[in-house]
Structure formats: C-alpha cells, structure tokens
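# Structural overview for review
What follows is the residue order along each chain.
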Amino acid sequence: MKISTIWAWNRWLALSDVLAFNGNDVLVYARDSNSANEINQHHTCQKYLGDKVIDKKIHASDNLWEVIKFSNYLVIAVPSKSIIQILKEMKSIKNSDNYFFINATKWFANKKTIQQTISEHFPVHRWLVSVLWPAFAKELIDKNISCLCSVSNNEKQALFVQALFSNSYFRLYTQNDVIWAETYSSLKNAIAIASGII
C-alpha cells in the first residue's frame with residue numbers, strides 16, 4: 001500500500017517507519033532538499049533522529065505536489081503552527097474529496113482541534129482519523145513497545161487505522177471521543193509538569 005506523510009519531523013518519521021516496517025511504501029514530504037536527499041541516500045535524518053536508521057521503504061521529496069500525487073492516504077504530520085498553511089497548499093495543488101486523512105498533529109489551530117481544522121479545509125473526505133501520542137520517536141525507531149490511540153467518530157475507520165499501524169511492538173487502541181482525546185493529548189505535558197511541581 002502507498003502512503004504519503006506530510007512533513008519529515010521526528011515523531012512523524014517514526015510513524016512512517018512503523019508503516020514501512022508493516023510493508024507499506026511511504027513517501028515523506030521534507031521541506032528542504034538536504035533532508036530529502038539524506039533520507040533517500042542514507043536512510044537517516046540527523047536533524048531530527050540523530051544516527052537512527054529508518055526503513056529503506058521510506059523515500060522523501062521536497063516537492064509537495066509529488067507527495068500528494070503519490071497516494072490518497074495522507075498522514076498529516078505537521079507542527080500545529082503550520083497546519084493551516086500546509087492545508088491551504090494541499091488544497092491549491094489537489095482539492096480532492098477522496099483523501100484518507102490520518103492526523104498525527106496535536107495541539108490546536110485557531111482555537112480548533114486539528115480534526116476540526118482539517119474538516120474546515122476539506123469538508124468532504126473519505127475519512128479522518130487521529131493517531132495520538134504519547135510516544136518517543138527514537139523508541140519507535142528502536143522497535144520498543146509503544147501504545148497509542150486511533151481516534152475517530154467512525155469506529156470502522158479507527159479500526160482500519162489500528163490494523164494499518166499495529167504490529168509486534170506498536171499497538172493502537174481505538175477511541176471515539178475525538179474532542180476529549182485531541183484536547184488531552186495537547187494538554188498532557190502541561191498537566192505532567194504541573195503535577196511534578198505540586
């Protein structure tokens with residue numbers, strides 16, 4: 001299966017590594033050509049993952065058009081501050097109602113959850129599921145056991161994404177409370193810090 005990942009960053013390269021480990025061909029959008037060349041030639045991304053080596057089925061391009069054309073299955077893995085800009089760019093390249101969105105971005109955009117933001121820019125789509133953390137990128141690359149959530153209002157969609165990612169070291173559990181899951185995943189670090197102070 002072909003899957004496109006929008007943005008080559010630490011956690012999302014790790015998710016791409018999980019997908020490639022499971023037998024999928026993954027094309028990652030890297031905003032700079034140096035990162036794209038490094039991923040393609042050496043299967044590393046020193047900027048975000050140090051010396052960790054990622055799966056050889058992961059390739060990268062600094063051309064967003066090429067990455068979007070590669071697959072309708074899109075892992076949206078963009079820092080929240082850039083999500084609106086990227087969605088606008090995607091829409092200008094290919095305004096499709098046939099996207100399968102897998103959101104891996106947390107926090108908020110203009111006081112809206114990321115699923116709400118994606119739906120605002122692409123109101124018609126095939127599905128929208130969030131894969132929410134906590135997990136550490138380097139631990140995923142090392143194949144350490146990790147558990148995350150597959151979150152959607154549609155149980156069948158959440159179950160498909162669960163099956164797409166799950167393997168011997170990586171497990172997704174389904175959840176249908178999108179607002180709560182996205183909000184808590186965004187606030188968990190602040191809550192953890194506050195708990196430590198108390």
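Quick caveat: nothing in here was measured; it's all calculated off a predicted structure. The written sequence of each chain sets the order in which its residues are numbered from 1. Local features in this predicted model are restricted to residues whose pLDDT is 70 or higher, and side-chain atom pairs enter the listing and the counts only when it is 80 or higher, whereas totals over whole chains, interfaces and linings include all residues. Hydrogens and waters are ignored; side-chain quantities use all the structure's heavy atoms.

Strands here mean DSSP runs of E at least two residues long; helices mean DSSP runs of H or I at least four residues long; both are numbered from the N terminus. Along its length, the protein carries 9 helices and 10 strands. Taking 16 Å as the expected radius of gyration for a compact globule of 198 residues, we find that the protein reaches 16 Å, a close match to that expectation. C-alpha atoms of the protein, sized along the principal axes, occupy 45 × 40 × 30 Å. Counting over 198 residues, the protein shows a buried share of 51%. Contacts are assigned to residue pairs with any non-hydrogen atoms lying within 4.5 Å of each other. Long-range pairs, those at least 24 residues apart, make up 72% of the contacts in the protein between residues at least 6 apart in sequence. In this treatment the radius of gyration is a C-alpha quantity, and the globule benchmark scales as 2.2 Å times the residue count to the 0.38 power. Exposed residues in this analysis have more than 50% of their type's maximum accessible area, buried residues have under 20%, and partly exposed residues fall in between, with area computed by a 1.4 Å probe over protein chains only.

With 39 residues, the main nonpolar core has Phe165 and Phe170 as its most contacted residues. Among the elements that make up this core, the one with the highest residue count is helix 1 (residues 10-21) (7 residues). Nonpolar cores were defined as sets of buried Ala, Val, Leu, Ile, Met, Phe, Trp, Tyr and Cys residues, with membership established by side-chain atoms within 4.5 Å. Leu27, Val78, Ile86 and Met90 belong to the second-largest nonpolar core, a separate cluster that totals 21 residues.

Time to look at the pattern of salt bridges. A side chain of one charge can pair with a side chain of the opposite charge if their charged atoms are brought near each other. By definition, a salt bridge exists where a carboxyl oxygen of Asp or Glu is found within 4 Å of a side-chain nitrogen of Lys or Arg. On inspection of all chains with the given rule, the structure shows 4 salt bridges. In this structure, lysine 112 and glutamate 120 form a salt bridge, with 2.1 Å as the shortest nitrogen-oxygen distance. In this structure lysine 112 comes out as partly exposed when scored by relative accessible area, which is 32%.

Any aromatic ring pair is given by two values, namely how distant the centres are and how the planes are angled relative to each other. The criterion for an aromatic pair is that two Phe, Tyr or Trp rings (for Trp, the six-membered ring) have centres within 6.5 Å, with stacked assigned to planes under 30 degrees apart, edge-to-face to planes over 60 apart and tilted to the rest. Within the structure shown, the criterion is met by 10 aromatic pairs. A ring pair is formed by tyrosine 73 and phenylalanine 100, whose centres lie 4.2 Å apart and whose planes are at 10°; its orientation type is stacked. Residue tyrosine 73 is found in strand 4 (residues 73-76), and its partner phenylalanine 100 is found in strand 5 (residues 100-103); the two are separated by 27 residues along the sequence. Centroid distance tryptophan 127 to phenylalanine 160: 4.8 Å. Interplanar angle 50°. Geometry classified as tilted. Taken together, the residues span a long stretch of sequence, with tryptophan 127 in strand 8 (residues 127-132) and phenylalanine 160 in helix 8 (residues 155-165) at a distance of 33 residues.

Where helix 6 (residues 114-121) is concerned, the buried positions are Ile114, Gln115, Thr117, Ile118 and His121. One face of helix 6 carries all of its buried residues, which in axial projection span an arc of 160°. The directions considered for the arc are those from the helix axis to the C-beta atoms.

This part is about the sheet that holds strand 4. Taken together, 8 strands build an open sheet; the order of strands is 3-2-1-4-5-8-9-10 and the sheet is mixed. What marks the edges here is a single partner per strand, and that holds for strand 3 (58-61) and strand 10 (170-175). Taken over all neighbouring pairs, the strand axes of this sheet differ in orientation by 25° on average, direction set aside. Packed onto the sheet, helix 6 meets strand 4, strand 5, strand 8 and strand 9 (146-151) and runs at close to 155° relative to strand 8. Paired strands, as defined in this entry, are two strands with at least two bridges between them according to DSSP. A fitted line through C-alpha atoms represents every axis, and for helices the fit uses only the stretch in contact; the resulting angles, taken between N-to-C directions, go from 0 to 180 degrees.

The next thing to look at is the state of the cysteines. When the sulfur atoms of two cysteines come within 2.5 Å, that pair is taken as a disulfide. In this structure the tally under the stated criterion is 0 disulfides. Cysteine cysteine 147 is unpaired, with the sulfur of cysteine 149 as its nearest cysteine sulfur at 9.1 Å. With relative accessibility at 44%, the residue cysteine 147 sits in the partly exposed group.

With their axes 10 Å apart at the nearest point, helix 5 (residues 83-93) and helix 6 run at an angle of 30° to one another. In terms of their interaxial angle, helix 5 and helix 6 are classed as roughly parallel. For the crossing formed where helix 5 meets helix 6, the hand is right-handed. Where helix 5 approaches helix 6, its residues Ile83, Ile84, Leu87, Lys88 and Lys91 are matched on the opposing element by Ile114, Thr117, Ile118 and His121. Under the convention adopted here, Pro, Cys and the residues Ala, Val, Leu, Ile, Met, Phe, Trp and Tyr are nonpolar, Asp, Glu, Lys and Arg are charged, and Gly plus all remaining residues are polar. Considering only residue class, the contact of helix 5 with helix 6 consists of 5 nonpolar, 2 polar and 2 charged. Each angle is binned into one of four classes, with values under 35 degrees roughly parallel, values over 145 roughly antiparallel, values of 65 to 115 roughly perpendicular, and all other values oblique. Working rule for handedness: look at the near helix, and if it is turned counterclockwise from the far one by less than a right angle, call the crossing left-handed; if clockwise, right-handed.

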